[in-house]
Amino acid sequence: MTKRILILHTGGTISMVESKSGYVPSHNFPARLHEQLENQNLGGTELPLYNLLETEHLIDSSNSTPKDWVAIADLLQEHWHKFDGFVVLHGTDTMAYTASALSFILGPIDKPVILTGSQIPLAKVRNDALSNLVISMMLAANYAVPEVCLYFNGKLLRGNRSTKLKSMQLDAFHSPNFPDIAKVGIDVDMRQDLVLKPTKPNFAHYTFDGNAVMIAPMYPGVPSRVVDALLDSNKVQALILQTYGVGNPPDANKALMDRLAKANQDGIVVVNLSQCLIGGVFQGSYATGDSLNQIGIVSGVDLTLEAAFTKLHYLLAAGYSSADIKQLMPTALRGECRHD
Ligand code: ASP
């Protein structure tokens with residue numbers, strides 16, 4: 001039976017055109033896309049059938065907010081039963097955030113959702129848009145990958161393990177702590193052993209609060225007022241602390257450590273993430289890191305920043321208590337982190 005996929009267009013470079021002030025989203029994209037795909041397929045049947053849907057506002061994904069994650073999830077849920085797979089066209093700047101968020105919002109699923117985009121617009125003669133799009137369509141239609149993935153430049157990555165690593169290269173995305181699910185060259189080398197099991201979805205709608213999760217980077221000499229300023233609202237429910245190496249904070253800074261201990265006592269979930277992209281947190285390998293164990297701060301193991309941020313948003317929106325969230329952050333819900 002011929003497969004049918006839904007392409008959901010949200011904006012990003014893939015569909016942008018030049019303006020006086022640089023690339024901007026364009027509304028002429030559907031016509032351009034149909035024409036290019038028609039040329040590719042030339043009446044053949046290699047490409048799956050597709051429908052194209054656009055979000056209400058096409059954006060540069062630098063402007064993405066948690067509301068956009070929910071809008072995309074809602075559209076996917078609404079059309080789930082009609083298609084065999086889904087391709088979400090998205091800007092690269094925050095694609096890893098949206099991919100991570102969708103993995104949690106949708107929960108276990110039984111069809112592929114593949115986010116893709118490009119570094120050069122489809123409107124340019126030399127571009128990476130067409131191949132990223134065509135390959136994503138073929139993967140979404142023909143492979144059993146029932147999870148949220150990100151396809152870019154020959155690699156299919158687990159969405160909530162991916163991060164944008166390069167601003168100027170075509171191989172922009174990387175999965176620092178999990179193998180690539182597939183490598184696409186002359187053949188498609190699919191690591192089916194890594195793929196999550198298909199599960200009938202049980203969708204829900206969530207409301208996210210953009211003020212709920214803050215991020216505090218540690219740097220030499222960081223004053224405690226950085227954390228103070230970030231927590232200066234009773235809407236804040238979680239804080240990601242970006243520490244050094246295997247999860248070491250500057251524990252000699254007593255004011256900072258006291259402020260973090262108070263945040264934990266106030267019910268704010270503080271999660272320890274490493275500034276290193278590869279390897280993650282081993283909280284307590286050093287006495288500096290163990291200081292966080294002493295004050296109730298949980299390890300974010302090897303979560304990417306994008307996965308940790310969106311997972312906290314999701315767990316808060318789903319109504320979990322601080323105690324439950326502390327248990328769940330270092331536990332894989334959708335394959336997003338290692339098991340300690
Ligand atoms: N600024 C663009 C965006 O994220 C970058 C891209 O798509 O490559 O929408």
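Please refer to the structure higher up on the page.
Residues numbered from 1 in each chain as written. Predicted model: local features only at pLDDT ≥ 70, side-chain atom pairs only at ≥ 80, totals over all residues. Heavy atoms only, no water.

Participant: Hey, could you run me through the packing of aromatic side chains in this one?
Facilitator: Two descriptors summarise a pair of aromatic rings, namely the distance from one centre to the other and the angle between the planes of the rings. Counted according to the given criterion, the structure contains 9 aromatic pairs. Their ring planes at 85° and their centres at 5.8 Å tell us that Trp69 and Phe208 sit as a pair that is edge-to-face. Of this pair, Trp69 sits in helix α2 (residues 66–79) while Phe208 sits in the loop between β12 (188–190) and β13 (213–217), placing them 139 residues apart in sequence. The burial state of Trp69 is the same as that of Phe208; both residues are buried. Taken together, a centroid distance of 6.0 Å and an interplanar angle of 70° make the contact between Phe83 and Phe86 edge-to-face. Among the residues examined, Phe83 registers a relative accessible area of 5% and is labelled buried. Given the relative accessible area of 0%, Phe86 is considered buried. Taken together, the aromatic side chains of Trp69, Tyr97, Phe208 and Phe309 make up a single cluster linked through ring pairs. Sitting above the plane of the Phe282 ring, Arg338 keeps its charged end 4.0 Å from the centroid. (Phe/Tyr/Trp six-rings, centres within 6.5 Å; stacked < 30°, edge-to-face > 60°. Helix = DSSP H or I, 4+ residues; strand = E, 2+ residues; numbered from the N terminus. Buried < 20%, exposed > 50% of the residue type's maximum accessible area, 1.4 Å probe, protein only. Lys NZ or Arg CZ within 6 Å of the ring centre and 35° of its normal.)

Participant: Help me out: how do you make sense of the environment of His205 in this one?
Facilitator: Position of His205 among the secondary structure elements: in the loop between β12 and β13. Residues His205 and Lys311, spaced 106 residues apart in sequence, show a C-alpha to C-alpha distance of 15 Å. Look past the residues within four positions of His205 in its chain and what remains in contact with it is Val70 and Asp74. At a separation of 3.0 Å, a polar atom in the side chain of His205 contacts the side chain of Asp74. (Contact = heavy atoms within 4.5 Å. Polar contact = N/O pair within 3.5 Å; in protein donor to acceptor, adjacent residues only side chain to side chain.)

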